[in-house]
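# Close look at the chain arrangement
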Amino acid sequence: MPRHRFTNTRDRIETAAVHLFVDKGVADTTVRDIARALEMSEGALYRHFPSKEQLVWQVFERHYIEFTGRLLKLAETESSTRGKLAAMIRGFCRAYDENPRLFRFLLFVQHDQLGKLAPDTPTPVEAVRMVIGSGIASGELPPQNADLATSLVFGVVLQPVQFAAYGRLTADMGSVSERLVAAAWAAVSTV
């Protein structure tokens, strides 16, 4: 089978699975549900992923690492700490707006999956912490606990995303990104 078809089938499986995982929850989604949504046999699905758990893990790992890469590239385009954080926060918002279902999947399953990452795997948390740590070291940010500052940025960014995921906020995240940038900067620049 040509590689392109295999990738396309895997992508279709991943897309259908993420849809179901977000709508029904991972625990309540069966392989049969995923296969039925794709109009394929369970056996065909198992040829691509040996188990539902492996499917969750592979989708999480691939997209989580890709997202980290996007954040790091965004940070590289800016020279100041404020610019780097702003670019990364806008990147979070854009990622949510581009594919809210995938973003929710990553957010909802991360607690069960993060422990499976290799210790040296780059993560969004480490990417933001690196920017904050560099900002503290350069004097662009006041001396503070870099982990606490990182958690404040994530709270500012992810809590609105979580509200949107549960229907409490209807606006797209891009429309509030500048407010999130200002709030995050205030949280880390004022000690």
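Attention in this report is confined to the structure presented alongside it. This one's a predicted model, so the numbers in the text were calculated from it and none came from an experiment. (Residues numbered from 1 in each chain as written. Predicted model: local features only at pLDDT ≥ 70, side-chain atom pairs only at ≥ 80, totals over all residues. Heavy atoms only, no water.)

Moving on, we come to the side chain of T29. One can find T29 in the loop between α1 (3-24) and α2 (31-38). Of note is the side chain of T29, whose polar atom sits 3.3 Å from the backbone oxygen of L20. From its side chain, T29 meets the backbone oxygen of G25 in a polar contact 2.7 Å long. (Helix = DSSP H or I, 4+ residues; strand = E, 2+ residues; numbered from the N terminus. Polar contact = N/O pair within 3.5 Å; in protein donor to acceptor, adjacent residues only side chain to side chain.)

Our focus in this paragraph is the pattern of salt bridges. Throughout the structure, instances matching the rule amount to ten salt bridges. R101 is the salt-bridge partner of D23, the closest N and O atoms lying 2.6 Å from each other. Taken as a pair, D23 in helix α1 and R101 in helix α6 (residues 100-113) lie far apart in primary sequence, 78 residues in all. Accessibility expressed as a relative area gives 46% for D23, which makes it partly exposed. (Salt bridge = Lys/Arg side-chain N within 4 Å of Asp/Glu carboxyl O. Buried < 20%, exposed > 50% of the residue type's maximum accessible area, 1.4 Å probe, protein only.)

The next subject is the environment of R104. Relative to the elements of secondary structure, R104 occurs in helix α6. Since its relative accessible area comes to 17%, R104 is described here as buried. Between the alpha carbons of R104 and A165 there is a distance of 6.7 Å; along the sequence they are 61 residues apart. Residue contacts for R104: discarding those within four places in its chain leaves V22, Y96 and A165. (Contact = heavy atoms within 4.5 Å.)

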